[in-house]
Amino acid sequence: MKDEMNAAMRQRTGGAKAMDGSLGPSSSAPSDSHAVGEDGCRLFFFCGRSGQGRKPPSIGTITLVLSVAFCAVGGLLWSRPIVPFSFELSSKFSVGTQEVISQPQCGIWMAPSSLRPFSGFGIFTTRNVLLGEPFLHAPDAVSVQVLEARRTTDMPLQESRKWWWKLIKNYVWTRGVPDHARYSHPTGLMSDFQPGFGSLPNHHCILNSLTHRVPQVPYVDNLVDRNSSPGLGAFSYTLGRDFVAKRNVKAGEEIFLNYGYCKRSKQSRSWEETMYMPEDFQEASRIVKMFEPFGPMPLPQNNVSLANLIDSKSNAIPRHVYDILPKTEKDLESILAAVNEHAFDPDLAEKALLQALARRVLEPKSVDWIRKNGICLEQLVPKKSTLPDAGLGGFAQYGVKKDEIIVPAPVLQVVDKNILKLYKRDVNVLKDPEAYEIGTGLIMNYCFGHPKSSMLLCPLTSAVLLNHCSSRTKECGPDGPNAAVRWSSGWDAPSYEWRNKTLEEIEQHPWRVLSLEVIATRDIAPGEEVFIDYGVEWEKAWADHVNHWKSPDVPPGFLTAQEANLQEGPIPETFISGDLRKTVDHPYLFTACQYITSGTDSHGSRYSSPNPDWPKLTDKEILAQYSSDGAKHVYSTDKGYAKHSDYSHWPCTVLYPEKEEGKYMVRIHQSPFRKVDEAVWHKNGVPRILTNFSQESIHYFVKPESADQMLPGVFRHPIGIPDGLYPDHWLNVQESG
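Keep in mind that this is a model prediction, so the values were computed, not measured.

Asks: Before we move on, can you summarise the overall build of the protein with the specific residues and values?
Replies: Each helix and strand counted, the protein has 18 helices and 28 strands in total. A total of 737 residues make up the protein; the buried ones form 56% of that total. Contacts spanning at least 24 positions in sequence make up 79% of the contacts within the protein whose residues lie at least 6 apart. Summed over its atoms, the accessible surface of the protein is roughly 32000 Å², and 51% of this surface lies on carbon and sulfur atoms.

Here it is in structure tokens:
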């Protein structure tokens, strides 16, 4: 059931997938269709029962009462110190200098989900989170681009690749992917994997409380020295999304993300019949509005009468609607209380009604229950590692006592690690796999493995941030590592059962089935970096890499993408062509412009005819024929790049600076993304020139296939899992020699 459901979600959405199939109703946000009486509020906004002909309060009275109530009660409910979090990145990436926010206790937890009837885990908050406020007091884990996971045709290990794609597609993003990540592999064969908040929230359209944005500095490609560090390209430079509250979220709530799967399909699917869907809540809402005080009818006193109100012609499933409907006066009063909180706004009241009904089929969790039965998810925060070649590391936010769990690590299984090999495109790899092989996917460096097994285990949490240190080499100091990896200690009972399964059985299940955890081997202070031992095999592989590593050529005046995007002042001359007919070929970067498509791109008259001789025109003639004002092509908010839309940056050439400071003349080039239609001016081979273009709308990206992670000879090796953890029946690889 879960694989079919997740496949459908993948086709319709790019949201993160549920951690283990414990998914709730899925729908896009319901339309705000609502019926209102003559006074604009009578169907929804009563502070008590009105069966005795009570006159409904006026909207002015409701607003006044609620204003007072919000000041007196809401202030107490929602007020708490707003903890500012600054993640400023200078050219030297000051994440390593940020202060760890001191909190009295963890506020974000992984615990058994509140969704019914599905089992599994979800993410909960034990602190109130305001609309627009970050859920975390620090950035989330990194984002890793997984390349060519869906490529199976004419590839080795086709069956294993198919199973791998069935699994990982449920945990990666295909929408909401920042353009700098897409440009790393714009052929459509890239998936964006973000452990942590990007992989763990369950899906719910009605109770969706989570939205995301690109970090202000999303790509950090200057964490190590290009001339001297063998760690170049061995870790992800992409920071994970920032996740903020889409609405006020109360302590004890499960945090949900809308995957976008919001409507039952026309064809019958068995798994859809087991899920509560928006149609069910909407039908229940229609019926509830019949009852006092929303409508004229008293609440039916028997179940048969209640069931008879369900419209059999709706797309709702009657048994689900019946489960959702209130059965007692107390049930109805709790729904009424939720609606009355939004009496001043009919649209919000309608949403509140749907949300109150959706909560009726959740398993309520108290804050105390979550703390007792959950595991803290925000113990680790990313900062620049204290190790010179490691990039980011995981640092303790609160401090951890010896033997406590630092972070849980549900894992995705890669049953044959050879499927992570990368090959040339547009060839039949089966004809000569060795000749066409070009490297290994970066995700390997974030997965646990054993030298005698083909299977890798890739964490879904911030456990991916932990760097290596051993008592043998003591990279982190004389005391060696302060943490260790082991199997989950009882909180994921099915994981224990799956350890007895064969590799073949594990591979053929398209959801995660195993869990690890990281524990403290001694007391860890707040702000201390957490290290684990990657094992002897990893140490040998790293030492061999260091001995053979050669730095890439670094041309004069080289700039990283981060440096280019953070620089102040005018655009450097090296990125300006100075000619309407020429483009710029930088060895590492290219410019792309925030570009808002319009009818000009599909049927613009001045671009509708081919003109291969346009370069022979004078500058004045070119501008007269092919240029237009580009002032409108700006970001929609003051957040700039952090709030850009999918596919919104098109490659562009900066032609000339304009007279006005901060304005440029640019030429737009066709977007390489598959989901972007070909523009008529590109089809006809004529230029699309914009004048008066804002410098703020020009962003620097690493050229496709030129990222450090694609360099030849970059380090790739799985993290060594401690001996004794893999059972003997998983050890399917014979030692060489």
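Asks: Can you lay out the side chain of Glu-253 for me, pointing to particular residues and giving the numbers?
Replies: You can see Glu-253 is positioned in the loop between strand E8 (242–245) and strand E9 (254–257). Side-chain polar atoms of Glu-253 contact the side chain of Arg-359, separated by 3.4 Å. Discounting residues that sit within four places of it in the chain, Glu-253 has contacts with Ile-123, Phe-124, Thr-125, Arg-247, Asn-248 and Arg-359.

Asks: An account of the packing of helix H8 (residues 329–340) against helix H9 (residues 346–359) is needed here, citing residue identities and associated values.
Replies: Between H8 and H9, the shortest axis-to-axis distance is 8 Å and the interhelical angle comes to 145 degrees. Regarding H8 and H9, the two cross each other, and that crossing is right-handed. Facing Ile-335, Ala-338 and Val-339 of H8, the residues of H9 in contact are Ala-349, Ala-352, Leu-353, Ala-356 and Leu-357.

Asks: Tell me what's going on with the packing of aromatic side chains, and back it up with residues and numbers.
Replies: Using the criterion set out here, one finds 24 aromatic pairs in the structure. Measuring from ring centre to ring centre gives 6.0 Å for Trp-487 and Trp-730, while their planes differ by 75 degrees; the resulting arrangement is edge-to-face. With Trp-487 in strand E19 (residues 483–487) and Trp-730 in the segment after strand E28 (719–720), this residue pair connects regions lying 243 residues apart in the sequence. Across the pair, exposure class does not vary: Trp-487 and Trp-730 are buried alike. Between Trp-650 and Trp-681, the ring centres sit 6.1 Å apart and the planes meet at 45 degrees, which makes this aromatic pair tilted.

Asks: How would you summarise the pattern of salt bridges if you had to cite specific residues and measurements?
Replies: This structure, assessed with the given rule, holds 25 salt bridges. Arg-425 is paired through a salt bridge with Glu-148; the nearest N and O atoms lie 3.3 Å apart. Remark: Glu-148 occurs in the loop between strand E3 (142–147) and helix H3 (158–168) and Arg-425 occurs in the loop between strand E14 (421–423) and helix H11 (433–436); sequence separation between them is 277 residues. Overall, Arg-425 belongs to the partly exposed group, its relative accessible area being 28%. The partner of Asp-533 in a salt bridge is Arg-472, and the shortest N-O contact between them spans 2.9 Å. On the criterion of sequence distance, the pair formed by Asp-533 in the loop between strand E21 (531–532) and helix H14 (536–548) and Arg-472 in the loop between strand E18 (467–468) and E19 is long-range, its members being 61 residues apart. The partly exposed category is assigned to Arg-472, whose relative accessible area is 44%. What emerges from the salt-bridge pattern is a single network uniting Glu-148, Arg-151, Arg-425 and Glu-705.

Asks: Any chance you could break down the environment of Ala-409 for me, citing the residues and the numbers?
Replies: With respect to the helices and strands, Ala-409 occurs in strand E13 (residues 405–414). It is 7.9 Å that separates the C-alpha atoms of Ala-409 and Ser-488, two residues lying 79 residues apart in sequence. Those residues in contact with Ala-409 that lie beyond four places of it in its chain are Pro-459, Thr-461, Ala-463, Trp-491, Ser-515, Leu-516 and Glu-517.

Asks: Got a sec to walk through the sheet that holds strand E5 (residues 202–203)? Specific residues and values, please.
Replies: Overall, mixed pairing links the 5 strands, which are arranged E5-E9-E2-E1-E10 in an open sheet. Lying at the two open borders of the sheet, with one neighbouring strand each, are E5 and strand E10 (375–376). Here E5 pairs with E9 via 2 bridges, running parallel. Opposite Asn-202, over in E9, you have Phe-256 as the bridge partner.

Asks: Give a description of the sheet that holds strand E4 (residues 190–193) that names residues and reports values.
Replies: In spatial order, the strands read E4-E3-E7; together these 3 strands make up an open sheet with antiparallel pairing. On the outer flanks of this sheet lie E4 and strand E7 (238–239), each paired with one strand and no other. Sheet topology places E3 next to E7; 2 bridges connect them, and they run antiparallel. Looking at E7, one finds that Val-142 is bridged to Leu-239.

Asks: Break down the pairing of strand E24 (residues 649–657) for me, citing the residues and quoting the values.
Replies: Here E24 lies mainly inside the structure; 7 of its 9 residues are buried. Sheet topology note: the E24/strand E25 (residues 663–668) ladder contains 5 bridges and is antiparallel. Counted as the bridge partner of Thr-653 is Arg-667 from E25. Two successive antiparallel strands, E24 and E25, enclose a turn made up of 5 residues, where Gly-662 displays a positive phi of approximately 80 degrees.

Asks: Quick rundown of the state of the cysteines? Include the residues and the values.
Replies: Applying the stated criterion across every chain yields a total of 4 disulfides. A sulfur-sulfur distance of 2.2 Å marks the disulfide that ties Cys-106 to Cys-376. Handedness here is read from the sign of the S-S torsion; for Cys-106 and Cys-376, about 90 degrees, the answer is right-handed. Here Cys-376 lies in strand E10 and Cys-106 lies in the loop between helix H2 (59–78) and strand E1 (108–112), a separation of 270 residues in the sequence. When its relative accessible area of 7% is taken as the criterion, Cys-106 is described as buried. You can call Cys-376 buried: its relative accessible area is 11%.

Asks: Can you break down the confidence of the model for the protein residue by residue, with the values?
Replies: Looking at the protein, the pLDDT average stands at 84 and 85% of residues meet or exceed 70. Between residues 1–103, whose pLDDT stays under 50, and residues either more than four places distant or in other chains, the model counts 276 contacts.

Asks: Describe the packing of helix H5 (residues 278–288) against H9, listing the residues and the values that go with them.
Replies: Two numbers describe how H5 lies on H9: the axes approach to 9 Å, and their chain directions differ by 110 degrees. With respect to H9, the element H5 is oriented roughly perpendicular. Judged by the twist between their axes, the crossing of H5 over H9 is right-handed. Side by side, H5 and H9 meet where Phe-281, Gln-282, Ala-284, Ser-285 and Val-288 of the first sit next to Glu-350, Leu-353, Leu-354, Leu-357 and Ala-358 of the second.

Asks: With reference to specific residues and values, describe the nonpolar core.
Replies: Leu-457 and Leu-514 are the most contacted members of the largest nonpolar core, which has 146 residues in total. Here the element with the most residues in this core is E13; it accounts for 6 residues. Ignoring sequence-local partners within four residues, the contact set of Leu-457 consists of Val-411, Leu-412, Gln-413, Cys-447, Phe-448, Trp-487, Leu-514, Leu-516, Ile-721 and Tyr-726. One finds Tyr-276, Ala-284, Ile-324 and Leu-357 within the second-largest nonpolar core, a separate group that totals 30 residues.

Asks: Summarise unusual backbone geometry; cite the residues concerned and give the values.
Replies: For the peptide bond that leads from Glu-292 to Pro-293, omega is 5 degrees, which places it in the cis range. Here Pro-293 shows up in the loop between H5 and helix H6 (303–307). Positive phi values are uncommon outside glycine, yet Glu-148 reaches one of about 60 degrees. Residue Glu-148 is classed as buried on the basis of its relative accessible area of 3%.

Asks: With reference to specific residues and values, describe H5.
Replies: Burial of H5 is extensive: 9 of the 11 residues sit out of reach of the surface. Buried within H5 are the following residues: Pro-278, Glu-279, Asp-280, Phe-281, Glu-283, Ala-284, Ser-285, Ile-287 and Val-288. On its buried face, H5 sits against helix H7 (318–324), H8 and H9.

Asks: Just give me the short version of the environment of Leu-589, but keep the residues and values in it.
Replies: Among the secondary structure elements, Leu-589 is positioned in strand E22 (residues 589–594). The residues contacting Leu-589, other than those within four sequence positions of it, are Leu-559, Thr-560, Ala-561, Ala-564, Phe-575, Phe-701, Val-702 and Lys-703.

Asks: Could you give me a rundown of the environment of Gln-301, with the residues and numbers involved?
Replies: For Gln-301, the location among the structural elements is in the loop between H5 and H6. Taking relative accessible area as the criterion, Gln-301 reaches 70% and is therefore assigned exposed. Between the C-alpha atom of Gln-301 and that of Thr-328, which follows or precedes it by 27 residues, the distance is 8.2 Å. Among the polar contacts listed, one links the side chain of Gln-301 to the backbone oxygen of Leu-299, at a separation of 2.9 Å.

Rules of the game
Residues numbered from 1 in each chain as written. Predicted model: local features only at pLDDT ≥ 70, side-chain atom pairs only at ≥ 80, totals over all residues. Heavy atoms only, no water. Helix = DSSP H or I, 4+ residues; strand = E, 2+ residues; numbered from the N terminus. Buried < 20%, exposed > 50% of the residue type's maximum accessible area, 1.4 Å probe, protein only. Contact = heavy atoms within 4.5 Å. Areas by Shrake-Rupley, 256 points an atom, 1.4 Å probe, with all protein chains shown as cover. Polar contact = N/O pair within 3.5 Å; in protein donor to acceptor, adjacent residues only side chain to side chain. Axes fitted to C-alpha atoms, helices over the stretch in contact; angles between N-to-C directions. Left-handed = near helix turned anticlockwise from the far one by under 90°. Phe/Tyr/Trp six-rings, centres within 6.5 Å; stacked < 30°, edge-to-face > 60°. Salt bridge = Lys/Arg side-chain N within 4 Å of Asp/Glu carboxyl O. Pairing = 2+ DSSP bridges. Disulfide = S-S within 2.5 Å. pLDDT = per-residue confidence, 0-100. Parallel < 35°, antiparallel > 145°, perpendicular 65-115°, else oblique. Core = buried A, V, L, I, M, F, W, Y, C linked by side-chain atoms within 4.5 Å.

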